[in-house]
Amino acid sequence: MKHVIKTIALALATSLFANAQTTPIKVNVAQPVSEIQPTMWGVVFEDINMGADGGIYAELIKNRSFEFNKPLMGWKIERKKAKEGDVLVQNRLGSQNSNPHYITVNLDNTPKGDLGLTNEGFKGIGVKKGLRYDFSVLMRKQSGNVVFHIELLNAKNEVIGSTSLTPANVGNEWTKQEISFNATDTEQKGKFRIWFEGTGIVDLDMISLFPSDTWKGRKGGMRADMIQLLADMKPGFVRFPGGCIVEGFDLNNRYQWKKTLGPIEDRQLIINRWNVEFAHRPAPDYFQTFGLGFFEYFQLCDDIGAEPLPILNCGMACQFNTAEVVPLDQLQPYIDDALDLIEFANGDVSTKWGKVRADMGHPAPFNLKMMGVGNENWGPQYVERLKMFTKAIKAKYPNFKLVNSSGTDPDGGRFDYLNGELRAMKADFIDEHYYRRPEWFLQNAGRYDSYDRNGSKVFAGEYAAQSDHTVSVDNRNNWICALSEAAFLTGLERNAAVVNMASYAPLFAHAEGWQWTPDMIWVDNLRSYGTPNYYVQKLYSLNKGTNVLSMLQDGKPLIGQDSLYASASWDKATNEIILKIANVSDKAVTRDVALDGAKKVEAVGKLFVLQNNNPTAVNSFENATNIAPVESTIAVNAKAKKVSVALAPKSFNVIRIKTVK
């Protein structure tokens, strides 16, 4: 027994001695290494997982214009004594019209409750008690006198909000009719219904219902809680509209920004390419209405103070699908779209596209500085098209920056070829994507340490640690994935001279309407929450700093020694030193950090900690802050200009220490 006690005592003493003898981490405050771009940490939006329709675009009616492949998808005709033919789907001008379909309702002394239409919404309709709902419809009354009875229903088909509308017009002109009413109860899985009453013939299109609590209270706007989660991050940029929807499964299905402008009823709906992408997650009712279009994306960037980063099709469809390409001698319209987009964003109101922007309500320019050409495209066919885009855009706008694709993976033949070609072209930004296991992120924290400081800059355009494997339905937004990302991002920050932008992807996912996991923010019809991955990126974004500081132990950056990963920055706006340290081990660690070159520091700093002992822990609707930053203070040895940091097991730590002039 005495021998055991002596052995334990010796081991403890040895451990304490070793900890005491650990070389301090040194931060060189006096000599900043490089600038950190204001765009460093941003977000990438794509209409996947019901991100737009049924997501941030607050419209509650599915297939409001009857333009889905099945014109009545999402709708149910309610009949008692009414007969077949009382509701007809019409086609006004065939494929030549951006919105050809509408319905005709024939009434013959029809009482309320005899003939109606019910809409199921997007996985149901979220209804909030006491909230005002704004109904509108494009209609043409051919004859007679009719009344619309508008209702919100709960899951039991009980009415929880209603009003009536008596349209007045008669003739051949389409007019917009509007009315508002309040909900009397809250419901996660509501429905919408119109009962028709009277005698006459009416044509209906664009049947719409919006909650009144949209972002900034804009009618027909965005879902406020989802946008607030973005605004809270203070992202440096928003990349839009994707993602693979930029490419389309063929070129007819590609995203065309010009078709997303103007009156809502003139924006041409298309099938969402994620509708048919995965047999294991079919989404036959997934379409893009483009109520959320390029103007709204730019407006969102304005709202939250982020730089806009639009991505345009380069003349290539998704190479995993059809791999369709535009012949080089027919590429000019695609190039013109890029040039016209710059004019739309920045042009004077006297220009063609600048006037379009002004007519939509934004006469001031959006100050667009960059755009992407192609998304995850690869091969020689991409390079030859990219060169044509680059030549034309740079000729007219020499200071405009272009983001170029390095393909789908951060290594391998495709990446090596493109990385070489793009650097030879002196590309402004090379867009690298990483969907890998957590181990990859830990092993690659030093990825950019040897990159050329003076060459093309890197845009870490899509990153997400995969708890299982890419495209697996079993991926989870768990803590070990988020912690591995936190560790990896220290390497991006440390190499801000090379990496100028980074964003997690995908951004949003509906709990019942997702195609891809993991995702940064999860929503249902009424609620939303940030994952641990969200809080990692938010901590980086809110504690960005303006300049990289050298942070070394034994003359080397911390990229896994003793399971620690670290970076440091200086915020010249607040005169603060910002330390970021990830401890990925299951043991607590204490380290002294010397603030070399600091003239004077305050004795108390701020400490933000993300931590959980369970690597598979997640956040949820029921426990949205299971893993969320905890703020406290930390003592600083102002005289010695150092801080002793106690790093909990499996934790990410951000420390802010204010200097005194």
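Now for a description of the structure that goes with this document. (Residues numbered from 1 in each chain as written. Predicted model: local features only at pLDDT ≥ 70, side-chain atom pairs only at ≥ 80, totals over all residues. Heavy atoms only, no water.)

**A word on helix α3 (residues 294–304)**
So, step 1. Counting buried positions along α3 gives nine out of eleven residues, so the element sits mostly inside the fold.
So, step 2. Every buried residue belonging to α3 is among F294, F295, E296, Y297, F298, Q299, L300, C301 and I304, and all of these are buried.
So, step 3. Buried residues belonging to α3 abut α2 (224–233), β12 (237–240), β15 (307–312), α4 (332–346) and α5 (352–359).
So, step 4. Downstream of α3 by one or two residues, G305 has phi in the positive range, about 70°. (Buried < 20%, exposed > 50% of the residue type's maximum accessible area, 1.4 Å probe, protein only. Helix = DSSP H or I, 4+ residues; strand = E, 2+ residues; numbered from the N terminus. Contact = heavy atoms within 4.5 Å.)

**Some words on the pattern of salt bridges**
So, step 1. Taken as a whole and judged by the stated rule, the model has 35 salt bridges.
So, step 2. Note that R437 and E439 form a salt bridge whose closest N and O atoms lie 3.4 Å from each other.
So, step 3. Take R437: its relative accessible area is 34%, and that puts it in the partly exposed class.
So, step 4. E622 serves as the salt-bridge partner of R527, at 3.8 Å between the closest nitrogen and oxygen. In this pair, R527 sits in the loop between β22 (521–523) and β23 (528–530) while E622 sits in the loop between β29 (604–611) and β30 (630–635), placing the two residues 95 residues apart along the sequence.
So, step 5. Here R527 falls in the partly exposed class, since its relative accessible area comes to 34%.
So, step 6. The class of E622 is exposed, set by a relative accessible area of 67%. (Salt bridge = Lys/Arg side-chain N within 4 Å of Asp/Glu carboxyl O.)

**Brief notes about the side chain of Q319**
So, step 1. Topologically, Q319 is positioned in the loop between β15 and α4.
So, step 2. Residue Q319 is classed as buried on the basis of its relative accessible area, which comes to 12%.
So, step 3. At a separation of 3.3 Å, a polar atom in the side chain of Q319 contacts the side chain of N377. (Polar contact = N/O pair within 3.5 Å; in protein donor to acceptor, adjacent residues only side chain to side chain.)

**Comments concerning the sheet that holds strand β19 (residues 457–465)**
So, step 1. On the basis of which strands lie adjacent, the open sheet formed by eight strands has the order β3-β12-β15-β16-β17-β18-β19-β20 and parallel pairing. Strand pairing shows two members of the sheet lacking a second neighbour, β3 (43–44) and β20 (499–504), which therefore form its edges.
So, step 2. Pairing geometry for β19 and β20, over four bridges, is parallel. Considered in β20, the bridge of Y463 is made with Y504.
So, step 3. Sheet contacts for helix α7 (residues 413–424): β17 (401–405), β18 (429–436) and β19; angle to β18, the most-contacted strand, approximately 160°. (Pairing = 2+ DSSP bridges. Axes fitted to C-alpha atoms, helices over the stretch in contact; angles between N-to-C directions.)

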